[in-house]
Amino acid sequence: MAGSRFARYVPSLLAIVLVLGVTSSAGAAQVDPRALFAATRAASGGDHWQDIGMLDIHADVTLAGVHGTQRTQVDLHDGRYIETDDAG
């Protein structure tokens, strides 16, 4: 399942976010966005991202006070997505 393969990259992504938060709050020099995305990609699996075609995310949600579930599927190659909600 794509979601479980993606989960192993979460610690790397969180580390990057923490580092960026510390450097940006310290007034560091401007970071090149392309270099940032390249570093993020390398830290979170590099070329293995090509092996993941779709994310399939399931979540419990509360919509306007009504509890239910949400499912989001994202095609990582062309950006198409669908989101369905079941509440009530």
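Cut-off values and rules
- Residues numbered from 1 in each chain as written.
- Predicted model: local features only at pLDDT ≥ 70, side-chain atom pairs only at ≥ 80, totals over all residues.
- Heavy atoms only, no water.
- Helix = DSSP H or I, 4+ residues; strand = E, 2+ residues; numbered from the N terminus.
- Contact = heavy atoms within 4.5 Å.
- Areas by Shrake-Rupley, 256 points an atom, 1.4 Å probe, with all protein chains shown as cover.
- pLDDT = per-residue confidence, 0-100.
- Pairing = 2+ DSSP bridges.
- Axes fitted to C-alpha atoms, helices over the stretch in contact; angles between N-to-C directions.
- Buried < 20%, exposed > 50% of the residue type's maximum accessible area, 1.4 Å probe, protein only.
- Salt bridge = Lys/Arg side-chain N within 4 Å of Asp/Glu carboxyl O.

S.K.: Explain the overall build of the protein chain to me, please; I cannot follow it from the model alone.
M.R.: Looking only at helices and strands, the protein chain has 3 helices and 3 strands in total. Counting from the amino terminus, the protein chain carries its helices and strands in the arrangement α-α-α-β-β-β. Of all intrachain contacts in the protein chain linking residues separated by at least 6 positions in sequence, the fraction that spans at least 24 positions is 29%. Accessible surface for the protein chain amounts to roughly 6500 Å². Of this, 61% is attributable to carbon and sulfur atoms.

S.K.: Is there a simple way to explain the confidence of the model for the protein chain in this structure?
M.R.: Reading fine detail from the predicted coordinates is not recommended where pLDDT is low. Here the protein chain averages 80 in pLDDT, and 67% of its residues register 70 or above. Predicted confidence in the protein chain is weakest over helix H1 (residues 2–7), with a mean pLDDT of 56, and strongest over strand S2 (residues 66–75), with 95.

S.K.: Just to check I follow, could you spell out the sheet that holds strand S3 (residues 81–87) for this structure?
M.R.: Remark on secondary structure: sheet strands pair via backbone hydrogen bonds, oriented parallel or antiparallel. The 3 strands are arranged S1-S2-S3 in an open sheet whose pairing can be described as antiparallel. With one partner strand each, in any of the chains shown, strand S1 (54–63) and S3 form the two edges of the open sheet. The sheet shows a mean angle of 15° between the axes of neighbouring strands, taken without regard to direction. Pairing analysis gives 7 bridges linking S2 to S3, with the strands arranged antiparallel. Looking at the pairing, Gly-68 lines up with Ala-87 of S3.

S.K.: Would you mind going over unusual backbone geometry with me for this structure?
M.R.: Negative phi values dominate among residues other than glycine, just as trans dominates among peptide bonds. Here the phi dihedral of Ala-64 falls at roughly 50°; this positive angle occurs in a residue that is not glycine. Among the structural elements, Ala-64 can be located in the loop between S1 and S2. A residue is classified by how much of its surface remains accessible, and Ala-64, at 86% relative accessible area, is exposed.

S.K.: What is the right way to look at the pattern of salt bridges in this model?
M.R.: Oppositely charged side chains can pair when the atoms bearing their charge come close. Applying the stated criterion across every chain, the model contains 4 salt bridges. For the salt bridge of Arg-71 with Asp-56, the shortest nitrogen-to-oxygen distance reads 2.8 Å. Here Arg-71, found in strand S2, pairs with Asp-56, found in strand S1; they are 15 residues apart in sequence, far enough to count as distant. Of the residues examined, Arg-71 reaches a relative accessible area of 34% and is grouped as partly exposed. Between Arg-80 and Asp-75 there is a salt bridge, and its shortest N-O distance comes to 3.5 Å. Through salt bridges with shared partners, a single ionic network connects Asp-75, Asp-78 and Arg-80.

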